[in-house]
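What follows is the residue order along each chain.
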Amino acid sequence: MMESLRVAAEFLRKLGEPEVAVVLGSGLGDVLPLEGEQVVSFSDVPGFPRPTAPGHKGEIAVGKLGDVEVLVQRGRLHYYEGYSPEEIVFPVRTYALLGVKVLVLTNASGGIAEGLSPGDLVLIRDHINMLGFNPLRGPNPEELGPRFPDMTRAYDPRLREKAHAVARELGIDLREGVYLATMGPSYETPAEIKAFRALGADLVGMSTVPEVIAARHAGMQVLAISCVTNLAAGIAKHPLSHEEVLEIGRKKAAELGRLLQALIPKLSR
Ligand code: HPA
């Protein structure tokens, strides 16, 4: 595995040496154009799996935001698509080998906490892993990180402070909450959402947690922003649809783009 990660990292190094990597989730793929960006598709990168979810592009761009070199991954891999845990975290581990220090993850989620509405942007403070797997299972690649990595400050408190400060400056309402990841692809039942709320979850979604675990394992700092695209099952008065998730994602994309554009140049220093 280390060898294929190195090959992928060497391939991407031809595009540049980004300090920050950003993963854009459902319906959010267009929010962050970079200056002078060079784009490759997932299928161009040796070892990278191809994303299959609707609303996900599957490309990687490297370019600049201000004077910071940034990599943007437009589209991501989900467990429900059939990828192995190792495949899901392959891109993030590649970025670590490429020298990326800060990983920014975005996703779409269902709102569980009281007071959340579709369209809200929420900074993830912590997570609950209900995916049923951990991407670090198996022999530990010691070159990447330790066998038992700490997850206490998985979502970097300093980066979160910066995000709140930039959001305030821009007049963007940014909340904070705990994200619970499920396997999907079926949305949750109302009983599950009730249980997740009792467990302390504010948001529910089907991604992000594997990438965060792999990034922390490899020593990257993490910031994650969720766009609430719908109220979770049983809280919403109507059945959930993927179209609804994509539509709200697109509507909020401009605001999220503004936030990321102003924030990312400040994250690496
Ligand atoms: N549940 C799980 N994943 C999601 C949801 C949801 O309600 N909305 C967007 N992604």
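Residues numbered from 1 in each chain as written. Predicted model: local features only at pLDDT ≥ 70, side-chain atom pairs only at ≥ 80, totals over all residues. Heavy atoms only, no water.

The next thing to look at is the overall build of the protein. Across its full length, the protein carries seven helices and nine strands. Computed over the C-alpha atoms, the radius of gyration of the protein is 17 Å, within 12% of the 18 Å expected from 2.2 N^0.38 for a compact globule of 269 residues. Counting only C-alpha atoms and orienting by the principal axes, one finds that the protein spans roughly 50 × 40 × 35 Å. Considering the protein as a whole, with its 269 residues, one finds that 57% of them fall into the buried category. (Helix = DSSP H or I, 4+ residues; strand = E, 2+ residues; numbered from the N terminus. Rg over C-alpha atoms; globule rule 2.2 N^0.38 Å. Buried < 20%, exposed > 50% of the residue type's maximum accessible area, 1.4 Å probe, protein only.)

Looking at the secondary structure, you find Glu86 in helix H2 (residues 85-88). Here Glu86 falls in the partly exposed class, since its relative accessible area comes to 44%. For the pair Glu86 and Pro135, spaced 49 residues apart in the sequence, the C-alpha separation amounts to 5.9 Å.

Our focus in this paragraph is the pairing of strand S7 (residues 174-182). Counted residue by residue, S7 has seven buried out of nine residues, so it is predominantly covered. For strand S6 (residues 121-130) and S7, the ladder comprises nine bridges, and the chain directions are parallel. Following the sheet pairing, His127 is matched in S7 by Tyr179. Pairing of S7 with strand S8 (residues 203-205), which is carried by three bridges, proceeds in the parallel orientation. Across the sheet, Tyr179 pairs through a bridge with Leu203, a residue of S8. Considered for its hand, the β-α-β crossover made up of S7, helix H5 (residues 190-199) and S8 is right-handed. (Pairing = 2+ DSSP bridges. Right-handed = clockwise from strand over helix to strand, strands pointing away.)

The next subject is the site of the ligand. Taken together, Ala108, Ser109, Gly110, Tyr187, Glu188, Val204, Gly205, Met206, Thr229, Asn230, Leu240 and Val245 make up all the residues around the ligand. In the environment of the ligand, a nitrogen atom lies 3.5 Å from a nitrogen or oxygen atom belonging to the backbone of Ala108. The side chain of Glu188 places a nitrogen or oxygen atom 2.8 Å from a nitrogen atom of the ligand. Summarising the interface, the protein chains cover 95% of the accessible area of the ligand, which totals 260 Å² for the free molecule. At the level of secondary structure, the elements contributing two or more residues to the shell around the ligand comprise strand S5 (102-111), S8 and strand S9 (221-231). Ranked by residue count, the leading element in the shell around the ligand is S5, at three residues. When grouped by side-chain class, the residues that make up the shell around the ligand number six nonpolar, five polar and one charged. (Near = heavy atom within 4 Å. Polar contact = N/O pair within 3.5 Å; in protein donor to acceptor, adjacent residues only side chain to side chain. Areas by Shrake-Rupley, 256 points an atom, 1.4 Å probe, with all protein chains shown as cover. Nonpolar A, V, L, I, M, F, W, Y, C, P; charged D, E, K, R; others polar.)

Under the definition given, this model contains twelve salt bridges. Where Arg125 meets Glu176, a salt bridge forms, and the shortest distance between an N and an O atom there is 3.8 Å. With Arg125 in strand S6 and Glu176 in strand S7, this residue pair connects regions lying 51 residues apart in the sequence. What makes Arg125 partly exposed here is its relative accessible area of 37%. Of the charged contacts in the structure, one is a salt bridge between Glu169 and Lys266, with a shortest N-O distance of 3.7 Å. Here Glu169 is found in helix H4 (residues 157-170), whereas its partner Lys266 is found in helix H7 (residues 242-267), with 97 residues between them in sequence. (Salt bridge = Lys/Arg side-chain N within 4 Å of Asp/Glu carboxyl O.)

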